[in-house]
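Structural features, examined
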Amino acid sequence: MNEKRIHKPRPVSGFPEWLPEVRMVELAWFDHIRRIFESYGFCNIETPSVEELDVLHAKGEDVDKEIYVIERLHKEDGDKEARLALHFDQTVPLARYTAQHFNELTFPFKRYQMQRVWRGERPQAGRFREFYQCDIDVIAVDNLPLHFDAEMPAIMWEVLSSLPGMGGEKIQIRISNRKILMGFLEGLAIPRPDGTTIPLSADLKAEIVRDIDKLEKLGKKTVLQRIDGTGSRAGIGFGLDGIILPFIELCETAYRSADELEIALTNSRDINTGNSTLKEGIEELSFVMDQLKHLPGGAVVADLSIVRGLDYYTGTVYETVFTGDPGYGSICSGGRYDDLAGSYINKHLPGVGISIGFSRLFDRLRQQGKLPVGAKSPADILMVLPADDRRAEASETARILRERGFNVELYHSAAKIKKQMEYAGKKSIPYVWFPPFEDGQPHEVKNMQTGEQQKADAQTWRRS
RNA sequence: GCGACUGUAGCUCAGUGGUAGAGCCCUCGGUUGUGGUCCGAGUUGUCGCGGGUUCGAUCCCCGUCAGUCGCCCCA
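Attention in this report is confined to the structure presented alongside it. Just so it is clear, the structure is predicted and the values come from calculations on it, not from any experiment. (Residues numbered from 1 in each chain as written. Chains lettered and ligands numbered in written order. Predicted model: local features only at pLDDT ≥ 70, side-chain atom pairs only at ≥ 80, totals over all residues. Heavy atoms only, no water.)

From N to C terminus, chain A includes 14 helices and 18 strands. Compactness check: chain A gives a C-alpha radius of gyration of 29 Å against a globular reference of 23 Å for 464 residues, more than 25% above the reference. Its C-alpha atoms give chain A principal-axis dimensions of roughly 105 × 60 × 45 Å. Contacts spanning at least 24 positions in sequence make up 69% of the contacts within chain A whose residues lie at least 6 apart. On chain A, roughly 24,200 Å² of surface is accessible, and the fraction owed to carbon and sulfur atoms is 48%. (Helix = DSSP H or I, 4+ residues; strand = E, 2+ residues; numbered from the N terminus. Rg over C-alpha atoms; globule rule 2.2 N^0.38 Å. Contact = heavy atoms within 4.5 Å. Areas by Shrake-Rupley, 256 points an atom, 1.4 Å probe, with all protein chains shown as cover.)

Pasting the structure below:
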């Protein structure tokens, strides 16, 4: 008895896969992105899907619950192996890679990377557990010029605005500088009678940062209430119209230029511009905005509420949203990190990078039917097989056409012509080629879209 | 990790305490060498899984798993 057991196929949520016609568009996207990255001189690398868990950990415990650990099913108790884990981004592997090959790399090291990453999260619209990111980063030794901070979003704007299907999408790159917020929080230190101050605790700062990050979603009033609430719990009364208010109001607006930002800052004298970190942040942000003047209006804005989650960012930060639906989440983010590889090598390696959330972006356009999804096959021509004894000629004709650069599929059996045509139609192969059915007859090609059919020669034929 | 909702054919979904349905898809046919339309015929299910109530459960109850959405967090 051989009872056949069928394991019902079920997609694993958060691990997307596409039909051939969609995959073809996905590949076209990768080609497109790759071409633009390379046009700026970025070279490609690929790192393994797994890293040692300790390497991933070096960047903070925050990401812990996101990490997929990988292990053998039949592990013996005594086995001692380094714990391996799937990488959750491409920045940490890049840091490890840069440290490891430090002596063989030329700096500034400009590389792009387009790989899958994994995060153990609850899947949702636009949120996957396995997805592609397309990163560009520049890493320098000791000193990385600030104009790279402007080049990153400029390149991404070029990519995003020109991807097939993105024509009608309104997107916006939002930029801030972490030093501004950090400097502001430093300025919130509580004065003591003897003239010294008590800085806010790291936890408290983190909480305030999180609330400010939600400004667009929750609104000014709610955010102020939350910050005042957390302050009270820590024994500090910020109040609803105290020092926090003017800063939140600065965060509320998106500034289209360095000038707009300057004006807003000048008009808001209440915030502590005496703080050197804050000042530095504003100068850097102004510089970056100034460098991006050439982009269309509103493409890039300064938005002080942008902070980014990953804690290694130390300066410029980027986030990109659909203007009409910012709640969908960022489709392209990144930032500057002063010392990325410090955990792996005794060198000072500042970097700046930005990453397309490829799958998030792609799936959105796919679901909205905005992708140019077409043929189910890359073939240009279906070669009809008129009869088994004519296979050699059909095959030879296909070979000639392939040599001339066409993609040609030879039909697999001498089925009825109706059947072979149907097949070409279903796979949307644009041309059907009829080799002679009898000796001495000419070849013919049918354009499946127009229905037009003509005599043809494999050596000279061109698509109509 | 927390909360709400959902789980019937490959897909989208109807349905009833008493032997399971539609549309789409798929397969074949409508003769001789030509697709998309039309017409005809046909295949398709442990009604998510486990337990309980009942003479009898796909339907009622409990549990469990999976999915969707929201929160957290993020691309």
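Attention now goes to the sheet that holds strand E15 (residues 408-410). With respect to topology, five strands assemble into an open sheet ordered E15-E14-E16-E17-E18, the strand pairing being mixed. Pairing within the sheet leaves two strands with one partner each, and these edge strands are E15 and strand E18 (453-456). When the angles between neighbouring strand axes are averaged without regard to direction, this sheet yields 25°. Sheet analysis places strand E14 (residues 381-383) next to E15, joined by three bridges and oriented parallel. From the neighbouring strand, Ile381 faces E15, where its bridge partner is Val408. (Pairing = 2+ DSSP bridges. Axes fitted to C-alpha atoms, helices over the stretch in contact; angles between N-to-C directions.)

By the criterion of burial, helix H3 (residues 91-100) is predominantly enclosed, with nine of the 10 residues buried. Those residues of H3 that are buried lie in contact with strand E2 (50-52), helix H2 (53-57), strand E5 (109-118), strand E6 (130-139) and strand E12 (332-337). (Buried < 20%, exposed > 50% of the residue type's maximum accessible area, 1.4 Å probe, protein only.)

Here we take up a negative patch on the surface. A contiguous patch of negative charge on the surface is contributed by Asp259, Glu260, Glu262 and Glu283. No other element matches the three residues that helix H10 (residues 258-267) contributes to the negative patch. Within the fold, Glu283 resides in helix H11 (residues 276-291). (Patch = residues over 30% accessible without salt bridge, like charges linked within 9 Å, V, L, I, M, F, W, Y side chains within 5 Å. Salt bridge = Lys/Arg side-chain N within 4 Å of Asp/Glu carboxyl O. Lys, Arg positive; Asp, Glu negative; His and termini not counted. Charge placed at Lys NZ, Arg CZ, Asp CG, Glu CD.)

Taken together, 41 residues sit near RNA strand B, with Arg119, Arg127, Arg210, Arg308 and Ser330 positioned nearest. The separation between a base nitrogen of RNA strand B and a polar main-chain atom of Phe128 is 2.8 Å. Between Arg210 and RNA strand B, the recorded distance is 3.1 Å, taken from a side-chain N or O atom to a phosphate oxygen. For the surface near RNA strand B, the secondary-structure elements that each account for two or more residues are E6, E12, helix H14 (417-426) and strand E17 (443-447). Element by element, the count of residues in the surface near RNA strand B is highest for H14, at six residues. Residues belonging to the surface near RNA strand B are distributed by class as follows: 11 nonpolar, 11 polar and 19 charged. (Near = heavy atom within 4 Å. Polar contact = N/O pair within 3.5 Å; in protein donor to acceptor, adjacent residues only side chain to side chain. Nonpolar A, V, L, I, M, F, W, Y, C, P; charged D, E, K, R; others polar.)

Read these as spatial facts, not as claims about activity.
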